[in-house]
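Each chain, letter by letter, is given below.
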Amino acid sequence: MVKLRTLYEKIWDAHVVERRPDGTCLIYIDRHLVHEVTSPQAFEGLRLAGRKVRRPDLTLAVPDHNLPTTPRRDADGHRIPIADPESAQQLAALERNAPEFGVRLIGDADVEQGIVHVVGPEQGFTLPGTTLVCGDSHTSSHGALGALAFGIGTSEVEHVLATQTLLLKQSKTMEVVVEGKLGFGVTPKDVALAICGHIGTAGGTGYVMEYRGSVFRDMSIEGRLTVANMSIEAGARSGLFAPDETTFAYLKDRPMAPKGADWDAAVAWWRTLVTDEGAQFDKTVVIDAADIVPTVTWGTSPEDVVAVTGVVPDPESFEDASKRAAAQKSLDYMGLTAGQKLADVAIEHIFIGSCTNSRIEDLRAAAALLDGRHIASGIKHAMVVPGSGLVKRQAEAEGLDRIFTDAGFEWREPGCSACLGMNPDKVPAGERCASTSNRNFMGRQGPGARTHLVSPAMAAAAAITGRLTDVRELLKKEEGIAQ
Amino acid sequence: MDKLTTVEGKAYPFGMKNVDTDIIIPSHWLKTISRNGMGRGAFEVLRKEPGNVFDDPAYADSPILIAGDNFGCGSSREHAAWALGDLGIRVVIAPSFSDIFSSNAFKNGILTVVLPQEAIDRLMEVAQTDQIHVDLEQQTVTTQFQDRFSFEIDPFRKHCLLGGLDEIGLTLGDADGIGVYEAKVAQDRPWMIPAVA
């Protein structure tokens, strides 16, 4: 009898080069995305050892973390120098290393440039059933297309460059099931935040997740990318969606996707990549779609979630003593008090962007609310950073850029930007940002910056009112629904 | 990776407990592009203190570092191992290490030796004036005063360090297996190679 296998086990089995007696496997890596922060020392290691990149054709380099989101070329097409010498140096290293090792580079002035986790799917570089790695923890994003994708460290980047493999131990499996229909005004970001809140930031450690149930089946690829992206915030290095018709429709005719007879052969194989009926997961988490509401974070961990209609929790309400202490520390950092209504929290900065929420659907959702409206007077700075040059171009073709700029937002060039502030885009100390990014860690958006994670629609709603806002109130007004 | 068989020389009598990787190399060094030269950032904050062991000419270029409990805790940054290596350190001796630091050190050809606190105290004393001898083959730390301390090490790590074998070198030793896998995929799933746009 054939063993019943989960999707993860099928992809794993298809990539075993060698199985060691202790259970460790040498796993083949089909796709390697490289950016400027975690790759310089890996390329240097190759150079010192006189090694080559084994499969430059499976490797794609894109700068994203350090790039300024202000214009990169002047009117004459000349490069505008990057102010931070260390950022400039990391970017220059990638531009030197990629050609030296024969790796394709999408450069800072190419329209295809963007955040690696936006570019991979968009170019069709990310495919179902592939193993995909990158020196960045949000590599989990690519699981949205059914790729087994995870972040790695610099020594591992070098190992993959040199050997196209990694020595790995198989993970445990967890299914995350959300059945039903999402309520009015509830988005994939709210689902991702709800999962973080439910599982906790360490709950997925040691597991590969598979997202199952009607909510995920009905979700667009953009929505799935948002959910898979935040798998790592629940501790799981990877989160998978079984490839389906939505996946195939998204990938067809993408520049780097298979074409013609190859496409047909690929789809035929991809259709086999589903968890067998009756296959066992090591853990199952079930969430009712009806329980998911528009969500915000109140603390400094992605698991610190609460309904936007709710209040800041009382640290004393946590059972665990260490959690009580952590919650109090979070509240002190965030400048919030227990019992305070989230809807009363004033916001000074709005950031719409990051590998979590910078794709065209995200921008459409925010623009839909901002159309004909303006940011509140208390908002000091509001910014949209599209995930890639192609997202930016598409948004401009749809006139979204005008909606944003008319509303008082800045319309920027693509990159990681204020998600982690390695470039000049930072939130000042003590100021509060409604952000569509993935981490509300202390100091993440800049030293002392206070981050509330929200969906793109909720970020737009906060921009309009100047405080954290239940997006459903604005949507109802828009649709003329009586309150 | 350089082979490591025996290391003999002066040792920094450091001894500090709970040294986290932020102490070994502060975060602003993460924006660099080279593993080399990171020694300049090693223990940057401690080196601002007068009389620190790292700037004491008596211990200049020591290949051995003697530290306290829980060395290398905190952030997983591999830069900590790079910084020590760049400082010329091949062996760190302490009562315990964080797992991640140990693994990163090993990947960069640095031996971590676990010895009980009494042994550490004695070695700290010897290091003030005399050299220390580490023999990986024999798994011993000795001094000219008849001190002899034995240590344990994972056999795979020992094998790699003695042979100067890095993980990449070992995997490449299996290049035939990788080639066989690639040939099979080229046949079964030829569409796996990204189309050239």
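Quantities reported herein were computed from a predicted structural model and do not represent experimental measurements.

Definitions and cut-offs
Residues numbered from 1 in each chain as written. Chains lettered and ligands numbered in written order. Predicted model: local features only at pLDDT ≥ 70, side-chain atom pairs only at ≥ 80, totals over all residues. Domains from an automatic or database assignment. Contact = placed C-beta atoms within 7 Å. Helix = DSSP H or I, 4+ residues; strand = E, 2+ residues; numbered from the N terminus. Nonpolar A, V, L, I, M, F, W, Y, C, P; charged D, E, K, R; others polar. Pairing = 2+ DSSP bridges. Axes fitted to C-alpha atoms, helices over the stretch in contact; angles between N-to-C directions. UniProt positions renumbered as here; feature names shortened; annotations may be inferred. Buried ≥ 20, exposed ≤ 12 C-beta atoms within 10 Å, placed from the backbone.

Caption draft 1: Summary view of the domain arrangement of chain A. All names here are of chain A. In terms of domain boundaries, chain A breaks down into domain 1 (7-168), domain 2 (172-291) and domain 3 (295-477). Distance from the C-alpha centre of domain 1 to the C-alpha centre of domain 3: 28 Å. Listed per partner, the contact involves 23 residues of domain 1 and 21 residues of domain 3. Element by element, the count of residues in the side of domain 1 that touches domain 3 is highest for helix H4 (residues 116-123), at 4 residues. Here the residues of the side of domain 1 that touches domain 3 are counted per class, giving 8 nonpolar, 10 polar and 5 charged.

Caption draft 2: Layout of the sheet that holds strand S11 (residues 238-240) of chain A. Residues and elements named next belong to chain A. Taking strand neighbours across the sheet as the criterion, the 4 strands line up as S11-S10-S9-S12 in an open arrangement whose pairing is parallel. Each end of this open sheet is capped by a strand with a single partner; those strands are S11 and strand S12 (283-288). The mean angle between the axes of side-by-side strands here comes to 20 degrees, regardless of whether they run parallel or antiparallel. Of the pairings in the sheet, the one linking strand S9 (residues 172-179) to strand S10 (residues 207-212) comprises 6 bridges and is parallel in character. Within the sheet, the bridge partner assigned to Glu 175 lies in S10 and is Glu 210.

Caption draft 3: Main features of the UniProt feature "binding site: [4Fe-4S] cluster" (unreviewed entry) in chain A. All names here are of chain A. UniProt feature "binding site: [4Fe-4S] cluster" (unreviewed entry): in the numbering of this structure it lies at Cys 355, Cys 416 and Cys 419. Over a stretch of 65 residues, the named residues converge on one spot in the fold, their C-alpha atoms separated by at most 8.7 Å. Structurally, Cys 355 can be placed in the loop between strand S15 (349-352) and helix H12 (360-370). Apart from the residues lying within four places of it in its own chain, the contact partners of Cys 355 are Ile 115, His 117, Val 118, His 138, Ser 141, Asn 229 and Gly 387. By the element assignment, Cys 416 lies in the loop between strand S17 (410-411) and strand S18 (432-435). A residue is classified by how many C-beta atoms lie within 10 Å of it, and Cys 416, with 31 of them, is buried. Setting aside chain neighbours within four positions, we find Cys 416 in contact with Asp 64, His 65, Ile 115, Ser 354 and Met 422.

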